[in-house]
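Remarks on the overall topology
Below, each chain spelled out in residue letters.
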Amino acid sequence: MFKRATTLFTKVFNFYYDGFRAMTVGKKLWAVILIKLFIIFIVLKLFFFPDFLKTRFENDEQRSDYVLEQLTTPNTK
Amino acid sequence: MIGNIDIALVDWSRAQFALTAIYHWFFVPLTLGLSFVIAFMETIYVRTGKEEWRRITKFWMRLFGINFAIGVATGIILEFEFGTNWSNYSWFVGDIFGAPLAIEGILAFFLESTFIAVMFFGWNKVGKKFHLASTWLVAFGANLSALWILVANAWMQNPVGMEFNPVTARSEMLDFWAVIMSPVAVNKFLHTITSSYVVAALFMLCVSSWYLLKKRELMLAKKSIIIASVFGLLSALFVAVTGDGSAYMVAQKQPAKLAAIEGLYQGKTGAGLIIFGVPKSDAHKNKKDNFHFKLEVPKMLSLLSFRQADAYVPGIKDLTDGNVEKNIMSAGEKIEKGKLAIASLSAFKNFKKSKQLTKADSALRVFKENSSYMGYGYLNDPDSIIPNVPITFYTFHIMVGLGLLFILLFMVVLYLSVRNKLDNKKLLLRIIMWFFPLGFIASQSGWIVTEVGRQPWAIQDLLPTAVATTHISASSVMTTFILFAVLFTVLLIAEIKIMITQIKAGPEGGEHV
């Protein structure tokens, strides 16, 4: 059972490993993808796009209260 | 109320969302459309065993891969924007969006990311049929991903299957099937994905025409043109059918959008459909139909909107001022009901806090009676229920005009291809190449009609866009707007450059993806 699972894992690993090794234009694309993901998830998400309600309030009750306040007195700047 | 909200912030938040969505939509149509064409081509290869079809499939698969790789995750940014710029909205809709977006994420991850690897790496490593099944699963996975996000968008245009909880300030799902099977959602999904197939077919025609002009890859180009023109023609015809269905739903659920689409200020019995026209600038001010010129099909708008040639189509004046005879409530009356809903929601909140439960129940009852008009309570001017008429009018007519032109193009190209007469028609081949950007213009115009046309609403009748925004500084939104403009432009240039290099290299000269 264990041996069979190991063989399957090895096969899957080799499948991906050989696939990535054989890539040429794909390497360029992966570079684009990785740079893009870094910018999106590290730079943009961390520094520019905090989740407003999650970062300002501790629990859902406080978030509900805040949004309810916004909905009933939306003239608060 | 709405007059006190920082309009610069709302405008920048809207501009940023629009910019992100428009750029994201440069990548999506090709992914949705090419995935099915590739699956179809590979099916021919597996059934006939002819190597030429394997070669053709691999060529288009490479271009699909480039587009997929560059476009992947660009949609995630929209979700970031929900959390930062649209927190009131995100909280308000949370429970409704949670399920569709979670399913979208899981499907996209498992179906696309697993089988896309088999599709690209597995040509000589797995059996032909397993490879083919993977290719089809990638196509279905990509299109299913689109289903969930389009269901979420349709819900904003027609919020069904939910109830607003005044304690948590969130919408709660009552009926999952009502959300995903609402006629607005079904039409939106079918219309959007098939219009994407049209864009993909135009892309294939563009690339193949270039090969014919260069007298290169003739076999690949000719076979691809036939497949693209059949796929494009069927899709474009289906787009027309679902477009009719979408317009019918707009007439029922978003009458102000329909009036703006047609520049219809005065309601009419047996209203005509404007094929093309140029509205005069004073039409909006006077709320009167006034065109420099127009080409109109009599009674067609009534027929398409209500399936009756003599049906009454409400104009902008009916919707703002009301029409007792036609039983149309004025925007002013809706605003009053909306203000009552908000005031009773506020009273409910305060009574509940001070534990005056009887009074809280009474306030809640008033709120529930008027809650379907809640969004109107944030507006001050009845005219603010009208979207930007010139933008909605022109983008709609550009979309429809181009859509009809695409049907004609696919028919002509198919006819000439089948008769083997396309190769030497150099001028036509050059013209065909220009239809690819026109495809994007039509597709983006469709989204502009959908989104600009539903203003002032983030959620139809319930939440205006201005109230949906987070109260952060407009300058921070402006900064990220510029960042996105730069990032997406770089990505688009990268895609175009890599794509052109690969097309110029051809199926043999190209590199392995």
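Within each chain, residues carry numbers counting from 1 in the order of the written sequence. Here every chain gets a letter starting at A, and every ligand a number starting at 1, in the order they are written. Given that this is a predicted model, residues contribute local features only at a pLDDT of at least 70 and side-chain atom pairs are listed and counted only at 80 or more, while totals for whole chains, interfaces and linings are drawn from all residues.

**Considerations on the overall build of chain A**
Looking only at helices and strands, chain A has four helices and zero strands in total. Each helix is a run of DSSP H or I of at least 4 residues and each strand a run of E of at least 2, with the numbering of both proceeding from the N terminus. Listing every helix and strand of chain A by position from the N terminus yields α-α-α-α.

**What to know about the overall build of chain B**
Helix and strand counts for chain B come out as 18 helices and eight strands. The C-alpha atoms of chain B give 25 Å as radius of gyration, which agrees with the globular expectation for 513 residues (24 Å, within 12%). In terms of overall dimensions, chain B has a C-alpha envelope of 80 × 50 × 40 Å along the principal axes. For chain B, with 513 residues in total, the buried portion stands at 49%. Put simply, of all contacts in chain B between residues at least 6 apart along the chain, 77% involve residues at least 24 apart. For the radius of gyration, the atom set is restricted to C-alpha positions; the globular benchmark scales as 2.2 Å times the number of residues to the power 0.38. The exposure label follows from counting other C-beta atoms within 10 Å of a residue's C-beta, where the C-beta atoms are placed from the backbone and the thresholds are 20 or more for buried and 12 or fewer for exposed, leaving partly exposed in between. Two residues qualify as a contact pair if the distance between their C-beta atoms, derived from the backbone, is within 7 Å.

**Quick word on unusual backbone geometry**
Note: most peptide bonds trans; most residues except glycine with negative phi. All names here are of chain B. In the segment running from Gln455 into Pro456, the intervening peptide bond is cis, with an omega of 15°. Its place among the elements puts Pro456 in the loop between helix 16 (426-452) and strand 7 (457-459). Residue Lys215 is not a glycine yet carries a positive backbone phi of 55°. For Lys215, the position within the fold is in the loop between helix 7 (183-213) and helix 8 (218-253). Residue Lys215 is classed as exposed on the basis of its 9 C-beta neighbours within 10 Å. Phi angles above zero are rare outside glycine, and Arg307 is one such case at about 60°. Among the structural elements, Arg307 can be located in the loop between helix 11 (300-306) and strand 6 (312-313). Arg307 sits in the exposed class, given 10 other C-beta atoms within 10 Å.

**Quick word on the packing of helix 7 of chain B against helix 8 of chain B**
Residue and element names in this part refer to chain B. Only the contacting stretch of a helix is used when fitting its axis, a line to C-alpha atoms as for every element, and angles between N-to-C directions run 0 to 180 degrees. Contact geometry of helix 7 with helix 8 gives a least axis separation of 7 Å together with a crossing angle of 155°. With respect to their mutual orientation, helix 7 and helix 8 come out roughly antiparallel. Regarding helix 7 and helix 8, the two cross each other, and that crossing is left-handed. Only Asp, Glu, Lys and Arg are considered charged, only Ala, Val, Leu, Ile, Met, Phe, Trp, Tyr, Cys and Pro nonpolar, and every remaining residue, Gly among them, polar. Looking at the contact of helix 7 with helix 8 residue by residue, the class counts come to 21 nonpolar, 13 polar and two charged. In what follows, roughly perpendicular refers to angles from 65 to 115 degrees, roughly parallel to angles under 35, roughly antiparallel to angles over 145, and oblique to any angle outside these ranges. Left-handed describes a crossing in which the near helix is turned anticlockwise from the far one by less than a right angle; the clockwise case is right-handed.

**Quick word on the interface of chain A and chain B**
With 35 residues of chain A at the interface, the matching set in chain B holds 41 residues. Broken down by secondary-structure element, the contributors of at least two residues to the side of chain A that touches chain B are helix 1 (2-22), helix 2 (25-48), helix 3 (52-56) and helix 4 (60-72) of chain A. For the side of chain A that touches chain B, the element with the highest residue contribution is helix 2 of chain A, accounting for 13 residues. The residue makeup of the side of chain A that touches chain B, split by class, is 21 nonpolar, eight polar and six charged.

**Notes on helix 13 (residues 331-353) of chain B**
Helix span is expected to be 1.5 Å times the residue number reduced by one. The end-to-end C-alpha distance of helix 13 of chain B, which contains 23 residues, comes to 33 Å, matching closely the 33 Å that a straight helix rising 1.5 Å per residue would cover. Among all positions of helix 13 of chain B, only B:Ala331, B:Lys334, B:Ile335, B:Gly338, B:Ala341, B:Ile342, B:Ser344, B:Leu345, B:Phe348 and B:Lys349 are buried. Lining the buried residues of helix 13 of chain B we find helix 4 of chain A together with helix 12 (316-321) and helix 14 (357-370) of chain B. One or two residues past the end of helix 13 of chain B sits B:Lys355, with phi positive at roughly 60°.

**Thoughts on helix 15 (residues 389-418) of chain B**
Owing to its 3.6 residues per turn, the α-helix brings residues three or four apart onto one side. Taking 1.5 Å per residue as the helical rise, helix 15 of chain B with its 30 residues ought to reach 44 Å, and the 43 Å between its terminal C-alpha atoms agrees with that figure. Taken from the residues just after helix 15 of chain B, B:Asn420 is the one with a positive phi, measuring 55°.

**Quick word on the nonpolar core**
All names here are of chain B. Working definition: the nonpolar core is a set of buried Ala, Val, Leu, Ile, Met, Phe, Trp, Tyr and Cys residues, joined through C-beta atoms within 7 Å. Ranked by internal contacts, the top residues of the largest apolar core, which has 152 residues, are Val37, Trp60, Val151, Ala200, Ala201, Leu205 and Leu463. When residues of this core are assigned to domains, at least three fall in each of domain 1 (2-254 + 387-509) and domain 2 (258-386). Here Trp60 is in contact with Leu34, Val37, Ile38 and Met41, once residues within four sequence places are set aside. Residue ranges labeled as domains rest on an automatic or database domain assignment.

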